[in-house]
Structure formats: structure tokens, C-alpha cells
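Close look at the chain arrangement
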Amino acid sequence: MLVYLNRLVGASIHEYQNETFIRRSNSFFFHGGSEGLYASRLHSHNEKLASEDKTIDGKSFIRFESITFRRTKESAEMKNEMQQRTGLVEAIVLEVRDREKIGGSYLNSEAICCTPQLSKDGSCKVGEVIIQQNPDNPDGPKRMQTFFEGKNEETNMELQTIEINSTGMYYLYFMFCDPELVGTSIGGRTVWRNPDGYLPGKMAPLMTFFGLMSLAYLVLGLFWFLRFVQYWKDIIQLHYHFSAVIGLGMCEMALWYFEYANFNSTGTRPMGITIWAVSFGAVKKTVSRLLLLVVSMGYGVVRPTLGGITSKVLLFGVIYFVASEALELVEHLGSINDFSGKTRLFLVLPVALLDACFILWIFSSLSKTLEKLQLYFNASDPLSELWRRAWIISAFWVLLAYLLLVVICVLWAPSHNPTGYTYSEETVDDFDEEAISLTGGSGVKVAGIDLASKLERKERKLSFSADHHVFLGEDEEDKRE
């Protein structure tokens, strides 16, 4: 598994290893990557950054390096060696909000590539991808063309860098329209960079966050150490476990900070540091959940040992650690598109199920423990002399309900898209299968689609759907993002 992940760990460097194109409508495409990018703080005078320009601080860009297209021998033999241009492959960079400008929707056509009939009014050129240009918006979809020459089986894309002057989610597609180029493959790589470094857009704030969390754990550890030393004669075994969790958290946050700092400066993820950070995180999550569970059972409070249930708790912890470690490894050592794909789903489900089991077990145990505490409280204080603390047990559940409500209010706060969470599952599924809508005029339509129509759409992945969603297939890279 680690060998496979090591091949993928490319960070903001998207590697293409002789991968083939997929048919969509009357075009063929390959998804080159997707990331959230912030606008450059420093702008070049030219549309393209000079390849020799080494001053990249403050600039956001997508750089094409060593991109090679290779067509089949049969396809090359069909051409005339005296022709200069015998095949066209286009690289298209677009922001997600410009998706409707790709394809013939504004020409009342479902085609992605221009046909002789659509070219009659001069709105597009035959054999090219249809792009609706807006003279008032120079930052719209950008196209870069690469041609095969004569009977050559291979052609190289010009080394160039596209500067990003508008903040947004960007997609890169390589496309061709000529059916005779079927079987063409792509190799090479692209480098994506934000103004402050190579961290993808959704990961950039995490470097600061992990730095602050490292300091927070340091403060907590110092406080805990002082209390530990002050009352060392009264320490129980549970306190050692708490110390271990604090230490694991401190190491995890520090490792993540240095991992992100290295990622940001080099564009690649240091596999060793990442594996250590993931492992520390998985151990900390497991131990934290087990501690919460055993405390909820009353361990160290109303019972000195867990008795015969100890083996079950430990087995549950081992299973959770394995599932969590596998998920984190795939998530952090895989490719880094800002939209995750289906492969992650199969690892998320076991962890989610185990978390649900932890929650049920914790709350059921906590309820029984609180009942015992209430009985003990009443028995040890028959005259209600401790009346000033009697409210704590009753207030606990009210406070817990309030905290859960706060989380819900934050997640589902009023916004311009209040139904986003409602349809998130269907929307993500559509993105994973066919990505963004580039030829439809209305985006993702969810309401009114019944189960039968969804199953039918899944069986026809290579055809257009009712909303004309195109492009991203199961073979695309996944991010973490």
C-alpha cells in the first residue's frame, strides 16, 4: 500500500504517466487536476509568466512542464508527412464559475467540439473546443494548443506558465476533437502554486492553524505538568493516560506544521514526516476515544477496573486505529485535487461507523455512570450540605445539548445556498462521476430525480446526462484535496 501511495505523493505537482483520454459527447478529454487558487498579489505585464522568471513570491500560477502527447502508430500513418499540422490537442484552464462558457450551450447545441454546421456563423472553428469568449473578461477560460506534425507519433507542449489573477476553484482539461487521435496518451506534469507557496487553496490556512495548535498544546502540557508535579502523591493511573494524549497531540501538531511548511516551500510532501504525523494522529484519536469511553464507564470515578469488558474495549480500539490509519494515509499521501473522489468513500464509511459506535457506547455508559453518581451524591450528602454543587449533574445534559446546537447552527447558518447540505451527497456523487457542468446552463439539478433515473444515469457514464455534466471520471486524481 505504501509503495502505491509513494507513487502518488506529488503534492501540488500533478504527474501524468501515459494516461489516456475519455470520450465525452463529440470530444475526448483528460482531467489534469483541480485546485482552489488565490489571485496573484504581483501581476506580470504579459499574459504568460516568463519561464525563466524566478521571482515567484506573491504569484499564483499553473505551470506546464514536460507535457508530451503520444498518438498511436496507426493514427500517425494515416497522415501526410508533408503536412505541418496533423492533429490538435488543447489544454483548457477554467474557473468553475466559467463552466457554462465551455461547449455549445450558448449556440443551442450539446456539442463540445465545433462542427461544420456550428462554424457557419463564425462563432467557433471546426475541430476546436467551443469556448465562449468575453472581451470584457480576459481572465475567462484559457486555451493552449499543441499540434502533431506530419507522421510524428509524439509532440511536446510548449513550456509555459499561466498566471492566476482571480481567486477561485480552477480546473485543467486536456482535450481533442479529432476521432483519428483515439488512443492518444499524455505524460509529464503540471505545477500549481498559490501566492504564498505551493499549498493547495483549501490547505493553506491549515499551516497557520497547526502552528497555533502546537502552541496551544504546549501551554496545556505546561499547565498539566505543573499540576502533575504539585500533586504527584495523589496521581492515579488515569492521569498518566491523559499525559500521553497531551504528548501525542503536541507531537502531532508539530509534525503537521513542519509537514505543511515543507509542502508549502517545495511543492512536494515529505513522505516520512507525513507518515509519522498521520500515525501520531491515529494513535491520539484512538487513545482519546478510549479514554472518553472508559471515563464514561466510571473508570477511576466509581469503579477501579473495567473487569471483563477490558478486552472488548482494547479490541475496539485496535480496529479503530487500523481503519483511521488507512483513511489518513490515503487522504494525505494520495493526490491533491481539491475535490475528493469515490475511493475515499470506502475508507470513510468504516471510520464513520466506528465513530458512531463510540458515541452510542459513550453516551449509554455515561448515562449509567451519572445515575450512580447521583445515588452516591444523595447517599453521601443526606442533609444536602453540598447543595452548591448539586446542580452540576442536571446542568451537564443541558450544556451538552447547547453545544451540539451551537455546532448545528454554525454548520447550517443562513447563507446564499441554504440547501447546500441537503443535497450534498447527490451533488458530490455527480461531481465524482461527471464533474462540473460545462455545457449546461443551470448547473446541478437534484430535485425531482428519482432513484431509477439516478441508476440509469450511472449506467450511462459515457453519455450526456440531462444537465450535460461532463468530464471528470473515476480515473481522475483525488485531492485532499
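Above: the structure in question.
For clarity, every value in this text was computed on a predicted model and none was experimentally measured.

About the cut-offs
- Residues numbered from 1 in each chain as written.
- Predicted model: local features only at pLDDT ≥ 70, side-chain atom pairs only at ≥ 80, totals over all residues.
- Heavy atoms only, no water.
- Phe/Tyr/Trp six-rings, centres within 6.5 Å; stacked < 30°, edge-to-face > 60°.
- Helix = DSSP H or I, 4+ residues; strand = E, 2+ residues; numbered from the N terminus.
- Lys NZ or Arg CZ within 6 Å of the ring centre and 35° of its normal.
- Disulfide = S-S within 2.5 Å.
- Buried < 20%, exposed > 50% of the residue type's maximum accessible area, 1.4 Å probe, protein only.
- Core = buried A, V, L, I, M, F, W, Y, C linked by side-chain atoms within 4.5 Å.
- Contact = heavy atoms within 4.5 Å.
- Polar contact = N/O pair within 3.5 Å; in protein donor to acceptor, adjacent residues only side chain to side chain.

What follows is about the packing of aromatic side chains. The tally for this structure, following the rule as stated, stands at 21 aromatic pairs. Their ring planes at 85° and their centres at 5.4 Å tell us that Y320 and F358 sit as a pair that is edge-to-face. Separated by 38 residues along the polypeptide, Y320 in helix α6 (residues 310-333) and F358 in helix α7 (residues 345-380) bring together distant segments of the chain. What links up through ring pairs into an aromatic cluster is the set Y16, F21, F28, F30, F64, F69, F174 and F176. Between R85 and the ring centre of F147, over which it is positioned, the NZ or CZ distance is 4.1 Å.

Our next topic: the state of the cysteines. This model, assessed by the stated rule, comprises 2 disulfides. C113 shares a disulfide with C177; S-S distance 2.0 Å. Since a negative S-S torsion denotes a left-handed disulfide, the C113-C177 link at about -85° is left-handed. Of this pair, C113 sits in the loop between β6 (87-95) and β7 (142-148) while C177 sits in the loop between β10 (168-176) and β11 (185-193), and the two are 64 residues apart along the sequence. You'll find C113 and C177 in the same group, each marked buried.

As a further point, take the nonpolar core. In this structure, F21, F64, F69 and F174 are the most contacted members of the largest nonpolar core, which totals 24 residues. Of all the elements in the fold, those that place two or more residues in this core are β3 (27-37), β5 (61-70), β6, β7, β10 and β11. Discounting residues that sit within four places of it in the chain, F21 has contacts with F28, F29, F30, F69, V89, F174, M175, F176, T184, S185 and I186. Within the second largest apolar cluster, 18 residues are counted, among which are L293, Y320, L327 and V351.

Here E90 shows up in strand β6. Among the polar contacts listed, one links the side chain of E90 to the backbone nitrogen of V129, at a separation of 2.9 Å. A polar contact is formed between the side chain of E90 and the side chain of R143, at a distance of 2.6 Å. Sequence-distant contacts of E90, that is, excluding residues within four places in its chain, are made with E128, V129, R143, M144, Q145, Y173, F174 and M175.

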